[in-house]
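Given next are the chains, with one letter for each unit.
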Amino acid sequence: MTDLNILSLHLNQLNEAQKEAVLYGTGPLLILAGAGTGKTKVLTSRIINLIHTNIVLPHQILAVTFTNKAAKEMVHRVSEFIPAEGLWLNTFHSIAAKILRRHADIFTLSSNFTIIGVDDQMRLIKNLLKEKDIDEESYPTKIISSIIQRWKDLALSEDDISNTDLKTEAHYIAKDIYGLYQFKLKALDAVDFGDLLLYNIKLFTKNPNILAEYHNRFKYILVDEYQDTNIAQYMWLRLLTNSDKNICCVGDEDQSIYGWRGAEIGNILRFEKDFPNAKIVRLEQNYRSTNNILFAASNLISNNNHRLGKNLWADSGNGEKVKIVTLADSNEEANFVAKEISKLEIDSSTSLKNIAILVRAGFQTRNFEEKFISYGIPYKVVGGLKFYDRQEIKDILAYIRITINPGDSLALERIINIPKRGIGPSNLASITEYAATNRLGILAAISVMIAKNLFKPKIKVELEKLTSLFYEWKEAFSRLEVKAAVQQIVEQSGYLEMWKNDTSIESQGRIENIREFLSALKSFPNINEFMEHVSLVTDNDVSDNDNMVNIMTIHAAKGLEFDIVILPGWEEGIFPNQRNIDELGTKGLEEERRLAYVAITRAKKKLIITNAMRRNIFGKWQNSITSRFIDELPAENIVNVNYGFYSGHNTVSQTKSINNGFYLFCVGDRVKHEKFGEGYVLRISDNQLEISFDNYGSKKILDQFVKRF
DNA sequence: TATTGTGTTATTTTT
DNA sequence: TAACACAATA
């Protein structure tokens, strides 16, 4: 496996630019990898090469990604060629957590601190706002928490917040809450996602000796998706880079689409300034799309000013032109897409799983779902509710959390009355208050309160039962396998029973989810490792097993590719999104344009962009204007089709032709007649269609004589 | 404590 | 429009 021949074979598969990037020696290196140019291949080949040629040992390499999926894929590809024991290849957060656990004592955290998710974060902040008597109407939890998170993205601790950061009243409130929030987290022995990096940065800046250890260890640093790094991640990377500056960043400024989440496109644009004498390699040969698609994307993105620039090309030929289709309204748009898909499936026997509908925002999926159901087209909406985000899974996780960490009041709050134990909000409030004033962990507080007889008899009994169960389960974790212990929790708590007795439609699904959850536990040696997995990994698989049309947001499609891509809703306000432009001006518009670029470059063979002249938004019909992005596509690579003439003046009976219960035609359909050629349906009465033929004008024809296509 | 009513608010969400 | 959160109600 580790034969030199394999490696050279591997290298021979690379193009010149890729080879240059893989073999480049020491010093800072920026690989500008356009969409579909093989960046993962280059990154992994570079790692393989570093190890194989004995430049460094695997454990002297630090490789960082954003997603677990990317990390997993890269590990897989590397280990296919070479044993890479000790290689650190993982997400920013996972590596930061690993480092922080090693030095947790410096921050008076235990080495198995909890990593809390967004929901707990919200709950904590909500509680704090209530405690501080802050009016939630004017300062909603969402706003305050997002301000704090943004500060963390900027690597600002509470005492780093200066007056210039306090732009609104809400920022002042957020500053106060920030301090209290951090205090609460400490008390819970917990950190949030942002903290993972913040603590790392503090660790490195305040402890030069510790930083030196890491400098000594990591000879080469590689970073994936550099365009999406935020300031904290940037600082973290700069701190970890030693004086040799062997840092290799791969990215594409044109695909930076997470600015609203704190990603700083400036990081990649500034690379040469940050690292003088940096080498820049551009990967411009695209292996994914045909040239019509590629040129459309290139032309569009050339309207952005904040970029380093590159020219994508492919030698796979021009392919089909990009189709721009205008429909009368949003219903017709969904109709058109559904018909187009049926047609594709029948005519070119395309598998549905190779088709994707990429929308700007989640609410757009609904139209398509409805139409697909009525047409009987199998589909799946990718990236909806994640497995670990399901109510029943979170409940069980809360049971586990309070069991292994008796101070985790957030977890207890969640499940103390699920299933019903008669312990309502007022009881809970008295417990948390008692815990706070006596500086006790939540479970300890309950025990003391039971001993002091501070509960009503019924409640006392329930709490006694519950607390003794927690201790029993804790013991079970040390004695039994993870799955068996959790099984015990699920049964003894009455949680599973609760869903079994539930008569609602979802309960069956929930029970199945619980079973799936239990079986997932099998692969973990201990509960701590499992909890780390849960807090840092979001399973979001696009499995190609099911043959279904994929519907998802453009964000969710990043990194994926499909033979056929349909991009609906290219209208001003929707795409580009109005709010983004209003709030961020040119900056917002450029990010929208990058989003359009990402969307277009997902397509391998066929790309259809649609827009509707009227759209039903929140129950109101609104006229819409074609997206400016459509005007930015080069005329020679596109073909326009206009079905937008009939704007909804037809009654239902006039818009559809139904024969023997089968739906046949719709006003606006393109049809073909043997003698008169192509045209579209103007009006329908029963089985008689009025058709406007392209070359023969309008005629009345019985539906049996024409075909829809 | 469960149910009904009212009001509010509708981007994107890698960890 | 519709979904969701939260408050008032029996």
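See the structure shown above.
Conventions adopted
Residues numbered from 1 in each chain as written. Chains lettered and ligands numbered in written order. Predicted model: local features only at pLDDT ≥ 70, side-chain atom pairs only at ≥ 80, totals over all residues. Heavy atoms only, no water. Near = heavy atom within 4 Å. Polar contact = N/O pair within 3.5 Å; in protein donor to acceptor, adjacent residues only side chain to side chain. Nonpolar A, V, L, I, M, F, W, Y, C, P; charged D, E, K, R; others polar. Helix = DSSP H or I, 4+ residues; strand = E, 2+ residues; numbered from the N terminus. Contact = heavy atoms within 4.5 Å. Pairing = 2+ DSSP bridges. Axes fitted to C-alpha atoms, helices over the stretch in contact; angles between N-to-C directions. Salt bridge = Lys/Arg side-chain N within 4 Å of Asp/Glu carboxyl O. Buried < 20%, exposed > 50% of the residue type's maximum accessible area, 1.4 Å probe, protein only. Expected span 1.5 Å × (residues − 1). 1 Å grid on protein atoms, 1.4 Å probe; cavity = no way out; pocket = protein on both sides within 12 Å on 5 of 7 lines; lining within 4 Å. Points joined across faces, edges and corners; volume = space filled by probe spheres on them. Parallel < 35°, antiparallel > 145°, perpendicular 65-115°, else oblique. Left-handed = near helix turned anticlockwise from the far one by under 90°.

K.L.:
Explain the protein's contact with DNA strand C to me, and be specific about the residues and the numbers.
P.N.:
Around DNA strand C, the structure places Lys126, Arg366, Phe618 and Gly619. Restricting attention to atoms of DNA strand C within 4 Å of the protein, one finds that 55% of them are sugar or phosphate atoms. In the environment of DNA strand C, a phosphate oxygen lies 2.7 Å from a nitrogen or oxygen atom belonging to the side chain of lysine 126. Residue arginine 366 places a side-chain N or O atom 3.3 Å away from a phosphate oxygen belonging to DNA strand C. Partitioning the surface near DNA strand C into residue classes produces 1 nonpolar, 1 polar and 2 charged.

K.L.:
So what about the environment of valine 641? Which residues, and what values?
P.N.:
As for its position among the elements, valine 641 is in strand E16 (residues 638-643). For valine 641 and lysine 323, which are 318 residues apart along the polypeptide, the C-alpha to C-alpha distance reads 7.2 Å. Contacts of valine 641, omitting those with residues within four sequence positions, involve Lys323, Ile324, Val325 and Thr326.

K.L.:
Go over the sheet that holds strand E1 (residues 29-33) with me, naming the residues and quoting the values.
P.N.:
In a beta sheet, neighbouring strands are held together by backbone hydrogen bonds and run either parallel or antiparallel to one another. A sheet is described by the order of its strands in space; here 6 strands give the open sequence E3-E2-E6-E7-E1-E8, paired in parallel fashion. The two strands at the open ends of the sheet, each matched to only one other strand, are strand E3 (88-91) and strand E8 (279-283). The mean inter-strand angle of the sheet, taken between neighbouring strand axes irrespective of direction, is 15°. With 4 bridges joining them, strand E2 (residues 61-65) and E3 adopt parallel strand pairing. Each bridged residue has a counterpart across the sheet, and for threonine 65 the counterpart in E3 is threonine 91. Of the strands in this sheet, E2, E3 and strand E6 (220-223) touch helix H5 (residues 92-102), which is tilted by about 115° from E3.

K.L.:
Give a description of the pattern of salt bridges that names residues and reports values.
P.N.:
Tallied over the full model, the rule gives 40 salt bridges. With its nearest N and O atoms 2.9 Å apart, the salt bridge here joins lysine 279 to glutamate 20. Here glutamate 20 lies in helix H2 (residues 16-23) and lysine 279 lies in strand E8, a separation of 259 residues in the sequence. Relative accessible area serves as the criterion here: at 37%, glutamate 20 is assigned to the partly exposed category. Across the salt bridge formed by lysine 605 and aspartate 563, the nearest N and O atoms sit 3.8 Å from each other.

K.L.:
Report on helix H17 (residues 391-404), specifying residues and quantitative values.
P.N.:
With 14 residues, H17 extends 20 Å between its outermost C-alpha atoms, agreeing within 8% with the 20 Å of an ideal straight helix rising 1.5 Å per residue. Of all 14 residues that make up H17, 12 are buried, and the element is covered over most of its length. Among all positions in H17, only Glu392, Ile393, Lys394, Asp395, Ile396, Leu397, Ala398, Tyr399, Ile400, Arg401, Ile402 and Thr403 are buried.

K.L.:
Lay out the layout of surface pockets with the relevant residues and their values.
P.N.:
If you add up the space inside the second largest pocket, you get close to 840 Å³. Taken together, 23 residues form the lining of the second largest pocket, with Glu131, Lys184, Ser409, Thr432 and Ala436 sitting closest to its centre. Elements with a minimum of two residues in the lining of the second largest pocket: helix H6 (118-131), helix H8 (169-187), helix H18 (409-415) and helix H19 (425-437). Broken down by element, the residue count for the lining of the second largest pocket peaks at 7 residues, all from H19. Looking at the lining of the second largest pocket residue by residue, the classes come out as 12 nonpolar, 5 polar and 6 charged.

K.L.:
Would you mind going over helix H11 (residues 231-240) in detail, with residue names and values included?
P.N.:
The element H11 is largely enclosed, with a buried count of 8 among its 10 residues. Taken together, the buried positions of H11 are occupied by Ile231, Ala232, Gln233, Tyr234, Trp236, Leu237, Leu239 and Leu240. For H11, the N-terminal cap is asparagine 230; the gap from its side-chain oxygen to the backbone nitrogen of alanine 232 is 3.0 Å.

K.L.:
Let's hear about the packing of helix H20 (residues 442-451) against helix H21 (residues 457-479): which residues, and what values?
P.N.:
The N-to-C vectors of H20 and H21 enclose an angle of 135°; their axes lie 10 Å apart at closest approach. In terms of orientation, H20 and H21 fall into the oblique class. Here H20 runs over H21; the crossing is left-handed. Residues Leu443, Ile446, Ser447 and Ile450 of H20 lie in contact with H21, whose contacting residues are Lys460, Leu463, Glu464, Thr467, Phe470 and Tyr471.

K.L.:
Outline the packing of helix H22 (residues 482-492) against helix H24 (residues 507-520), supporting the account with residue identities and numerical values.
P.N.:
Where H22 contacts H24, the axes come no closer than 9 Å and their chain directions differ by 155°. By the angle class used here, H22 and H24 are roughly antiparallel. Note that H22 runs across H24; the crossing there is right-handed. Contacts between H22 and H24 pair Lys483, Val486, Gln487 and Val490 from the former with Ile514, Phe517 and Leu518 from the latter. Classifying every residue of the contact of H22 with H24 by side-chain character gives 5 nonpolar, 1 polar and 1 charged.

K.L.:
Now, about the pairing of strand E21 (residues 688-693): what can you tell me, with residues and values included?
P.N.:
In terms of burial, E21 is a largely internal element, 5 of the 6 residues being buried. Two strands pair when backbone bridges link them, and E21 and strand E22 (residues 697-702) are joined in this way by 6 bridges, in the antiparallel orientation. Residue glutamine 688 lies in a different strand from E22, and its bridge partner there is leucine 702. Between E21 and E22, which pair antiparallel and follow one another directly, the connecting turn spans 3 residues.

Function cannot be inferred from these measures alone, as they are strictly geometric.
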